[in-house]
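A structural walkthrough
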Amino acid sequence: GAGVSQTPSNKVTEKGKYVELRCDPISGHTALYWYRQSLGQGPEFLIYFQGTGAADDSGLPNDRFFAVRPEGSVSTLKIQRTERGDSAVYLCASSLMVRSSDYNEQFFGPGTRLTVL
Amino acid sequence: GIQVEQSPPDLILQEGANSTLRCNFSDSVNNLQWFHQNPWGQLINLFYIPSGTKQNGRLSATTVATERYSLLYISSSQTTDSGVYFCAPPEWGNTPLVFGKGTRLSVIA
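Scope of this entry: the structure provided in the associated data block. (Residues numbered from 1 in each chain as written. Chains lettered and ligands numbered in written order. Predicted model: local features only at pLDDT ≥ 70, side-chain atom pairs only at ≥ 80, totals over all residues. Heavy atoms only, no water.)

**A few points about the nonpolar core**
By size, the foremost hydrophobic cluster in this structure holds 22 residues, and its most contacted members are Trp-34, Phe-47 and Leu-72 of chain B. Among the elements of the structure, strand S2 (10–14), strand S3 (19–25), strand S5 (43–48), strand S7 (59–64), strand S8 (69–74), strand S9 (83–88) and strand S10 (103–108) of chain B are those that each provide at least two residues to this core. For this core, the element with the most residues is S3 of chain B, which contributes 3 residues. Membership of the second largest hydrophobic core comes to 20 residues, among which are Val-4, Phe-65, Leu-114 and Val-116 of chain A. (Core = buried A, V, L, I, M, F, W, Y, C linked by side-chain atoms within 4.5 Å. Buried < 20%, exposed > 50% of the residue type's maximum accessible area, 1.4 Å probe, protein only. Helix = DSSP H or I, 4+ residues; strand = E, 2+ residues; numbered from the N terminus.)

Take a look at the structure:
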């Protein structure tokens, strides 16, 4: 597709359950980012991948959160033992990171709205 | 880490009016993006502007990196301009973006 896609668009789950959120980046983009946006706030960084490896996971709030990108394209954000405080919109972005330059424009998907009851 | 402040936090405009949104950041940056988050939550890229001035239709942006601020100009505003405008530089280098709290714009007919 032309842009970043995310599935599902909405996810309602019960406290304590496990959820997976999927991101499909723009074709050819090597860098992939996960952000989380709470109501009335700007997005906050969670983790980013350069290729298959997590280059920086310092934004993950705790060890219940984990993300993978096994083939360097699609990524899955996994949340174990969900809590009500995890409710937010989870955004994915990708960029064509060019190491030889500073150019790194990020493009965002439509997000997954997670509601934990 | 880098701090990003946006002003004003809220803005109401009559259709056709012009406005300037400001973004201050606490450290030097090598790139900066402006986004429009529409009422459906989609972040739309407006400008990638490490320095200088760019124009796209009724919108233009200026970044003065040495003075650590960027401005977004909206001219002849339309109701479809409503939403939240974010500026976002990276923490450093090409790392993930740091967002301000945004400016919520409402354009009324």
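**Looking at the interface of chain B and chain A**
It is common to give the size of an interface as the accessible area lost on bringing the parts into contact. Each partner contributes to the interface: chain B provides 17 residues, whereas chain A provides 21 residues. Both faces combined, the contact of chain B with chain A buries some 1,600 Å², and carbon together with sulfur accounts for 51% of it. At the boundary of chain B with chain A, the tally comes to 0 salt bridges. Taken together, the links from chain B to chain A amount to 7 residue pairs in polar contact (both at pLDDT 80 or more). Contributing elements (two or more residues each) for the side of chain B that touches chain A: strand S4 (33–37) and S5 of chain B. (Contact = heavy atoms within 4.5 Å. Buried area = accessible area lost by both parts, 1.4 Å probe. Salt bridge = Lys/Arg side-chain N within 4 Å of Asp/Glu carboxyl O. Polar contact = N/O pair within 3.5 Å; in protein donor to acceptor, adjacent residues only side chain to side chain.)

**What about the pattern of salt bridges?**
Inspection of the entire model under this criterion finds 4 salt bridges over all chains. One salt bridge in this structure joins Asp-24 of chain A and Arg-22 of chain A, with 3.9 Å as the shortest N-O distance. A salt bridge links Arg-58 of chain B to Asp-81 of chain B, with the nearest nitrogen and oxygen atoms 2.8 Å apart. Taken together, the residues Arg-58 of chain B in the loop between strand S6 (52–56) and S7 and Asp-81 of chain B in the loop between S8 and S9 connect sequence positions 23 residues apart.

**Quick word on the sheet that holds S4 of chain B**
All names here are of chain B. Strand order in the open sheet formed by 5 strands is S2-S10-S9-S4-S5, with mixed pairing between adjacent strands. Two strands bound the open sheet, and with one partner strand each, they are S2 and S5. Taking the axes of each pair of neighbouring strands and ignoring which way they run, one obtains an average angle of 25° across the sheet. Here S4 runs beside S5; their pairing, made up of 5 bridges, is antiparallel. Bridging from a neighbouring strand, Gln-33 pairs with Tyr-48 of S5. (Pairing = 2+ DSSP bridges. Axes fitted to C-alpha atoms, helices over the stretch in contact; angles between N-to-C directions.)

Purely spatial values, then, with no claim about function.
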